[in-house]
There are 2 protein chains.
Amino acid sequence: MKNIHVRSTIQSYDIVIGNHIRHHIKDQLDKNYSSILIITDSNVGKLYAQDIHDGLNQKNIFIEIVDAGEQSKNIETFYNLHTKAIEYGLDRQSLIIALGGGVIGDLAGFVAATYMRGIDFIQVPTTLLAHDSSVGGKVAINHDKGKNLIGSFYPPVLVLYDTDTLQTLPPKEIRSGYAELIKEAMLSDSGLWNKLLSQHLDRITPADLEQFLEMGIKIKAEIVQQDERESGVRKFLNLGHTLGHAIEADLGYGVLTHGEAVAIGLLFAFYVSEQELQAVLPIQELRDWLKRNEYPFLVNTDRIDELIDLMKRDKKTEHNQIQMVLLNKIGDPVTHIVEENKLKNYLTSFVEREIING
Amino acid sequence: MKNIHVRSTIQSYDIVIGNHIRHHIKDQLDKNYSSILIITDSNVGKLYAQDIHDGLNQKNIFIEIVDAGEQSKNIETFYNLHTKAIEYGLDRQSLIIALGGGVIGDLAGFVAATYMRGIDFIQVPTTLLAHDSSVGGKVAINHDKGKNLIGSFYPPVLVLYDTDTLQTLPPKEIRSGYAELIKEAMLSDSGLWNKLLSQHLDRITPADLEQFLEMGIKIKAEIVQQDERESGVRKFLNLGHTLGHAIEADLGYGVLTHGEAVAIGLLFAFYVSEQELQAVLPIQELRDWLKRNEYPFLVNTDRIDELIDLMKRDKKTEHNQIQMVLLNKIGDPVTHIVEENKLKNYLTSFVEREIING
Ligand SMILES: NC(=O)c1ccc[n+]([C@@H]2O[C@H](COP(=O)([O-])OP(=O)(O)OC[C@H]3O[C@@H](n4cnc5c(N)ncnc54)[C@H](O)[C@@H]3O)[C@@H](O)[C@H]2O)c1
Ligand SMILES: NC(=O)c1ccc[n+]([C@@H]2O[C@H](COP(=O)([O-])OP(=O)(O)OC[C@H]3O[C@@H](n4cnc5c(N)ncnc54)[C@H](O)[C@@H]3O)[C@@H](O)[C@H]2O)c1
Ligand SMILES: [Zn+2]
Ligand SMILES: [Zn+2]
């Protein structure tokens, strides 16, 4: 069992990582809660909700199951969860447990952040990607006009990561979370990059995965502690996301996983860094690794205009300029404003080249 | 012009009080905002939105007007305001101005709290009651099942109180805000109680009103600074509100103003304090003053059960007990748990007595 402490001006918290710890959640609570609402999705609920319920060993536990998938991060589901919380009689001494991937973490976290102006919540991440989403206190739902546009900064009181739950995760979801690990590796000089790219996803061991997870969490925690509200270095975590988010939105959510889209964005960030900063980067190594591990490259030249429009509308955009995170080298990120026309040219030649090479 | 500083762990801010200061809002800003969205209601908008707009003297100012009244504090209006903010291109460097009473402050404040996880907002209160709602950082919308159930703690960057705007306020709304002043007077030994009850609302001067406003704000600010997240003394601000909220909900919002309902609750708090704590309180003085100033007493004995049920469901309820704020004497509040059956008896005899006396 590992314990990583995350400092936060709002509320500091521990991330506990271990095998099978979902059964012992009670040991980690240092408060009595008048009632507990477990929010989970239709896939995760049937696998793990009962374990959490039993591990809590108290009265007044309720379980709410929402449809699996990004589309549950919407305003109606948000409101319905509030309705349920009221009907179950949750008060200010109650707890919400987010059991699932990033979708559940973001959704249930935002419900907790706004229920009676905020009650305690615990993240129990069950995807590899959620190593990212469960750290840093960002919670949100989507607006019809863009992802994560309605939300808060609201840290959990605890993150309880049972690595055993990753065993049931489909390969596509492993790919997704692994791409975020690669992103973190690109932001740090911890040696994680070499470790990650020397693996093949089909043959990775649980022990290795746990090690990477821990390293990824530490890199992310380090950054968010320096800059909780994303006015400075936290922006670096957006590496690969300007294009990644645009691809997700343009294809319609669910066609690619978040991480699969981000993987394309990471490759593009390498490419633009080479052009704009004359950086020398292992772009070929990443390209080969992504291909070997079956990351889809779903971008087409006839969508360039739409993608640029979406990139302009990105939440991280300020004063209507397109800001990207680029790299001087692995472990040395910078934010950089790329002029719209230039970006369009880069994207066009990048996509053409990848399609020819692919 | 007066300046009251409010410390907050989230963000400290100033409350500036003065006559006609709405025209000079630009002088009070210490940042450049990429765009500004003024959110106001259908009554206030036509009176003051243009003044604020002109006083800002910059590009990219947008005005959104919602229907006047409590029913605008709902999830659809909240979502629509997000839509507008996105369409107008507000980014993280943008500002929201809440121009209006407590409804607009709560609604626009909650939009600001959740737009892209929080952007700056300024309160420009235009009701007497908003001296209360604009201080302390509580923002919220209503759920169908209860008031203010969805919200956050999210302080403004500035409160700009132009007392000149109170001139256009209807008498009913003066009564409403004045009741909250009386509440604050009951919680403090500042001498405000005697000042307030020696006045008649029809003949009050703007200078007196400004003085009371400032005293009320200071009392409230003092309390919220001690206890930002309402785990202790802040609960005292709930004096009169357990019954007040129940009456509002039972009659349907808008029949009584918030303060008119709270006034009945204050009288009841005196009554229960006499019974439970053997306190000696100026209940007759308050009763006479309320009658002279035309506060309606809209409670009927056949609604006792509904009122008790509503009081049990109050957000401030913990572990399902009914907690009330009572007074040992003026300036000496305590929280007190009143057993349900006892409370029912108190409420019945209180209502019967008031109806006979009324
Ligand atoms: N808050 C943040 O800082 C942050 C950071 C990154 C991503 N996110 C958000 O995270 C979301 C993506 O998260 P995600 O990739 O975990 O998606 P997800 O929560 O939708 O999970 C992916 C799929 O895996 C299933 N699943 C989850 N755990 C499982 C398990 N143990 N066994 C079998 N199936 C399982 C889910 O039911 C779902 O179908 C996005 O909405 C994104 O915006 C948030
Ligand atoms: N956040 C808090 O701490 C807090 C505290 C107390 C109350 N509240 C909330 O405040 C709300 C009540 O606030 P309110 O009483 O100010 O109600 P309000 O905002 O609805 O205003 C009352 C009426 O007066 C009109 N009006 C406002 N200013 C005017 C002016 N200058 N001239 C003419 N007409 C004007 C409005 O259009 C409205 O019709 C409730 O929703 C309550 O929950 C919040
Ligand atoms: Zn991501
Ligand atoms: Zn009130």
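Refer to the structure presented above.
Right, let's walk through the structure included here. (Residues numbered from 1 in each chain as written. Chains lettered and ligands numbered in written order. Predicted model: local features only at pLDDT ≥ 70, side-chain atom pairs only at ≥ 80, totals over all residues. Heavy atoms only, no water.)

The next thing to look at is the coordination of the zinc ion (ligand 4). All names here are of chain B. Here the zinc ion (ligand 4) is held by the protein donor atoms Glu180 (OE), His241 (NE2) and His258 (NE2), which lie 1.9 to 2.1 Å from it. Mapping the donors of the zinc ion (ligand 4) onto the primary sequence gives the spacing E-x60-H-x16-H. Taken as a pair, glutamate 180 in helix H5 (residues 171–187) and histidine 258 in helix H9 (residues 258–277) lie far apart in primary sequence, 78 residues in all. Just as glutamate 180 is buried, histidine 258 falls in that class too. (Donors = N, O, S within 2.8 Å, 3.2 Å for Na, K, Ca; no water. Helix = DSSP H or I, 4+ residues; strand = E, 2+ residues; numbered from the N terminus. Buried < 20%, exposed > 50% of the residue type's maximum accessible area, 1.4 Å probe, protein only.)

All names here are of chain A. Pairing between strand S1 (residues 2–6) and strand S2 (residues 13–18): five bridges, direction antiparallel. Bridge pairing links isoleucine 4 to isoleucine 15 in S2. Where S1 folds back on S2, the antiparallel hairpin that results is connected by six residues. (Pairing = 2+ DSSP bridges.)

The next point concerns the environment of A:Lys26. Among the structural elements, A:Lys26 can be located in the loop between S2 and strand S3 (36–41). Setting aside residues up to four positions removed in sequence, A:Lys26 forms contacts with A:Gly55, A:Leu56, A:Asn57 and A:Gln58. (Contact = heavy atoms within 4.5 Å.)

Looking now at the relation of the copies chain A and chain B. Screw-axis analysis of chain A against chain B gives a translation of 0.0 Å along the axis, an RMSD of 0.0 Å, and a rotation angle of 180°. On this basis, the relationship between the two copies can be described by a two-fold rotation axis. Ranked by how close their C-alpha atoms come to the rotation axis, the residues of chain A are headed by A:Ile10, at 3.9 Å. When the interface residues of chain A are mapped onto chain B, 100% of them are again interface residues, pointing to one common binding face. (Least-squares fit on C-alpha atoms with pLDDT ≥ 70 in both.)

Okay, unusual backbone geometry next. A positive phi is found at A:Glu230, a non-glycine position, where the angle reads about 55°. With respect to the element layout, A:Glu230 can be found in the loop between helix H7 (206–226) and helix H8 (241–251).

All names here are of chain B. Its 15 residues give helix H1 (residues 42–56) an end-to-end C-alpha distance of 21 Å, which sits within 8% of 21 Å, the value for a rise of 1.5 Å per residue. At tyrosine 48, H1 shows its maximal kink, close to 50°. Here H1 has its buried residues at Val44, Gly45, Tyr48, Ala49, Asp51, Ile52, Gly55 and Leu56. In this structure, the buried residues of H1 make contact with strand S3 (36–41), strand S4 (61–66), strand S5 (95–100) and strand S6 (120–125). One side-chain oxygen of the residue at the start of H1 lies 2.9 Å from the amide nitrogen of asparagine 43, identifying that residue as aspartate 41. (Expected span 1.5 Å × (residues − 1). Bend = angle between axes of the 7 residues up to and from the residue. Polar contact = N/O pair within 3.5 Å; in protein donor to acceptor, adjacent residues only side chain to side chain.)

Attention now moves to the sheet that holds S5(B). Residue and element names in this part refer to chain B. Read across the open sheet, the seven strands follow the order S1-S2-S9-S6-S5-S3-S4; overall the sheet is mixed. Pairing within the sheet leaves two strands with one partner each, and these edge strands are strand S1 (2–6) and S4. Neighbour-to-neighbour, the strand axes of the sheet open up by a mean angle of 20°, direction not taken into account. Two elements, S3 and S4, share six bridges in a ladder whose sense is parallel. From the neighbouring strand, threonine 40 faces S4, where its bridge partner is isoleucine 65. The strands touched by helix H2 (residues 75–87) within the sheet are S3 and S4, with S4 carrying the most contacts at an inclination of about 160°. Sheet strands touched by helix H3 (residues 102–114): S3, S4, S5 and S6. Its angle to S5, the strand with the most contacts, is close to 165°. (Axes fitted to C-alpha atoms, helices over the stretch in contact; angles between N-to-C directions.)

Here we come to a negative patch on the surface. On the surface, A:Glu76, A:Asp144, B:Glu76 and B:Asp144 cluster together into a negatively charged patch. Among the secondary structure elements, A:Glu76 is positioned in helix H2 (residues 75–87). (Patch = residues over 30% accessible without salt bridge, like charges linked within 9 Å, V, L, I, M, F, W, Y side chains within 5 Å. Areas by Shrake-Rupley, 256 points an atom, 1.4 Å probe, with all protein chains shown as cover. Salt bridge = Lys/Arg side-chain N within 4 Å of Asp/Glu carboxyl O. Lys, Arg positive; Asp, Glu negative; His and termini not counted. Charge placed at Lys NZ, Arg CZ, Asp CG, Glu CD.)

Moving on, we come to a nonpolar patch on the surface. All names here are of chain A. Judged by side-chain polarity, Leu251, Val255 and Leu298 come together as a nonpolar surface patch covering roughly 210 Å² of accessible area. Checked against the element boundaries, leucine 251 lands in helix H8. Judged by relative accessible area, which is 33%, leucine 251 ranks as partly exposed.

Residue and element names in this part refer to chain A. Close to ligand 1 lie 26 residues, the nearest being Asp41, Glu70, Gly102, Thr127 and Thr168. A distance of 2.7 Å separates an oxygen atom of ligand 1 from a polar side-chain atom of threonine 127. Its free accessible area being 860 Å², ligand 1 has 91% of it covered by the protein chains. Among the secondary structure elements, those contributing two or more residues to the shell around ligand 1 are helix H1 (42–56), helix H3 (102–114), helix H4 (130–133) and strand S8 (146–153). (Near = heavy atom within 4 Å.)

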